[in-house]
Amino acid sequence: MASIHALKPTPTEPPAPRAGRVGKLAIRGLSKSFNGAVVYKDFNLELPLGSAISIFGPNGCGKSTLINMISGLTPMDAGEALYDGRTTRETRISYVFQNYREALFPWRRAIDNIEYPLKLMGVPRAERRRRVEEIVAEFDMKFDLAAYPYTLSGGQQQTISILRALVTDPEVLFLDEPFSALDYEMTLLMRAQLQKIYLKRRITTLLVSHDLEEAIELADKLVLLTRRPTRVAEIVEVDLPWPRDAEATTSEAFVALKRRCLETFWREVKAAPEPN
Ligand SMILES: Nc1ncnc2c1ncn2[C@@H]1O[C@H](COP(=O)(O)OP(=O)(O)OP(=O)(O)O)[C@@H](O)[C@H]1O
């Protein structure tokens, strides 16, 4: 796993959306095998941009591989992912990894970790400082940003990773199991924080989660995947009001949605694998 969020030298100004196109992420004809084992074969998926999307499916079905390919971290064997008609390279993308300990630079202070991607992009110092201050103010950080990551809690460190991902003003934010290394209390706080970010920026968010409740809580749309070779089992509309607080996540509507997703999940997990 790479040690820093995916920052590509993308242009500061993204190309304007092409005329006549609806804002969609279109994944077409995607194929991927590892050592002859097929994970994806002619996989297609369309999702609206500007939405919060969760990806959920059986262990090893290829959730991480999917977001790694469409974010440009892992090459596809075949296929393409287009963001409103633009390639991954033409789109500002950020990525938050599960393992924040490896993703942050231990020798840089929290604030310098946040600033780092801007440095890589060649943003002048004064502008870098302005953008870091802006994002820190926006999220009302309650801890010392001059501290080194190892002195901060797991949740604080992952918050730094998320701010570092956001400081480049990405159009699409990928998160691969971002809270799975945190304790339950911190996970709940971080879920609330991510909702705050999403509601404020309406940034296209693609989240991989092992936790069905989390996947539903943080999504407008939930993509349920099958076992390998992986297909879309169902795209579930999560038509619940935001923000999703404790009351919302214990509501009848939420529980009914979870039951429906579980039914699909078990059906797909139990289904016999298709021949490669
Ligand atoms: N670099 C690689 N080399 C070989 N096999 C790989 C590689 N990356 C992934 N795989 C295999 O591809 C399949 C899908 O892996 P992936 O990590 O994408 O699944 P996942 O659904 O995210 O898994 P999990 O539920 O365990 O997090 C697995 O069988 C995995 O072993």
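What counts and what doesn't
- Residues numbered from 1 in each chain as written.
- Predicted model: local features only at pLDDT ≥ 70, side-chain atom pairs only at ≥ 80, totals over all residues.
- Heavy atoms only, no water.
- Core = buried A, V, L, I, M, F, W, Y, C linked by side-chain atoms within 4.5 Å.
- Buried < 20%, exposed > 50% of the residue type's maximum accessible area, 1.4 Å probe, protein only.
- Helix = DSSP H or I, 4+ residues; strand = E, 2+ residues; numbered from the N terminus.
- Domains from an automatic or database assignment.
- Contact = heavy atoms within 4.5 Å.
- Pairing = 2+ DSSP bridges.
- Axes fitted to C-alpha atoms, helices over the stretch in contact; angles between N-to-C directions.
- Near = heavy atom within 4 Å.
- Polar contact = N/O pair within 3.5 Å; in protein donor to acceptor, adjacent residues only side chain to side chain.
- Areas by Shrake-Rupley, 256 points an atom, 1.4 Å probe, with all protein chains shown as cover.
- Nonpolar A, V, L, I, M, F, W, Y, C, P; charged D, E, K, R; others polar.
- Buried area = accessible area lost by both parts, 1.4 Å probe.
- Salt bridge = Lys/Arg side-chain N within 4 Å of Asp/Glu carboxyl O.

**Regarding the nonpolar core**
Here comes step 1: Ranked by size, the top nonpolar core spans 32 residues in total, and within it Ile 114, Ile 135, Leu 145, Ile 160 and Leu 166 carry the most contacts.
Here comes step 2: Looking at which element gives the most residues to this core, the answer is helix α5 (residues 154-166), with five residues.
Here comes step 3: Two domains each donate at least three residues to this core, and these are domain 1 (47-76 + 87-91 + 172-276) and domain 2 (103-170).
Here comes step 4: Setting aside residues no more than four positions away along its own chain, Ile 114 makes contact with Val 132, Ile 135, Val 136, Leu 145, Ile 160, Leu 163, Arg 164 and Val 167.
Here comes step 5: If you look at the next biggest cluster of nonpolar residues, it comprises 27 residues, including Leu 25, Ile 55, Val 172 and Val 208.

**Thoughts on the sheet that holds strand β4 (residues 78-83)**
Here comes step 1: Strand order across the open sheet formed by three strands is β2-β1-β4, with antiparallel pairing between neighbours. Since the sheet does not close on itself, it has two edges, and those belong to β2 (37-48) and β4, each with one partner. Pairwise comparison of adjacent strand axes, ignoring direction, gives a mean angle of 15° for this sheet.
Here comes step 2: When strand β1 (residues 24-34) meets β4, the two strands line up antiparallel, connected through five bridges. Bridged to Arg 28 within β4 is Glu 80.
Here comes step 3: Here helix α1 (residues 63-70) sits on the sheet and contacts β1, β2 and β4; the angle it forms with β1, its principal contact strand, is near 120°.

**Focus on the side chain of Thr 264**
Here comes step 1: In this structure, Thr 264 sits in helix α9 (residues 252-270).
Here comes step 2: For Thr 264, a relative accessible area of 3% gives the class buried.
Here comes step 3: For Thr 264, the contacting residues outside a window of four places in its chain are Leu 224, Ala 233 and Glu 234.

**With respect to the site of the ligand**
Here comes step 1: Lining the immediate surroundings of the ligand are Phe 34, Val 39, Pro 58, Asn 59, Gly 60, Cys 61, Gly 62, Lys 63, Ser 64, Thr 65, His 210 and Arg 228.
Here comes step 2: Interatomic distance of 2.9 Å between a backbone N/O atom of Gly 62 and an oxygen atom of the ligand.
Here comes step 3: A distance of 2.9 Å is found between an oxygen atom of the ligand and a backbone nitrogen or oxygen belonging to Ser 64.
Here comes step 4: Calculation on the ligand without its partners gives an accessible area of 630 Å², and the protein chains cover 59% of this total.
Here comes step 5: When residues of the shell around the ligand are assigned to their parent elements, the largest contribution, three residues, is made by α1.
Here comes step 6: Per-class residue counts for the shell around the ligand are four nonpolar, six polar and two charged.

**Brief notes about the domain arrangement of the protein chain**
Here comes step 1: Domains assigned within the protein chain are domain 1 (47-76 + 87-91 + 172-276) and domain 2 (103-170).
Here comes step 2: Each of domain 1 and domain 2 was reduced to a C-alpha centroid, and the two centroids are 25 Å apart.
Here comes step 3: Listed as interface residues are 13 residues of domain 1 and, on the opposing side, 14 residues of domain 2.
Here comes step 4: Between domain 1 and domain 2, roughly 1200 Å² of surface is buried when both sides are summed, and carbon and sulfur atoms account for 65% of that area.
Here comes step 5: Between domain 1 and domain 2 we count one salt bridge in total.
Here comes step 6: Note that Arg 201 and Glu 138 form a salt bridge whose closest N and O atoms lie 2.7 Å from each other.
Here comes step 7: Our enumeration of links across domain 1 and domain 2 arrives at three residue pairs in polar contact (both at pLDDT 80 or more).

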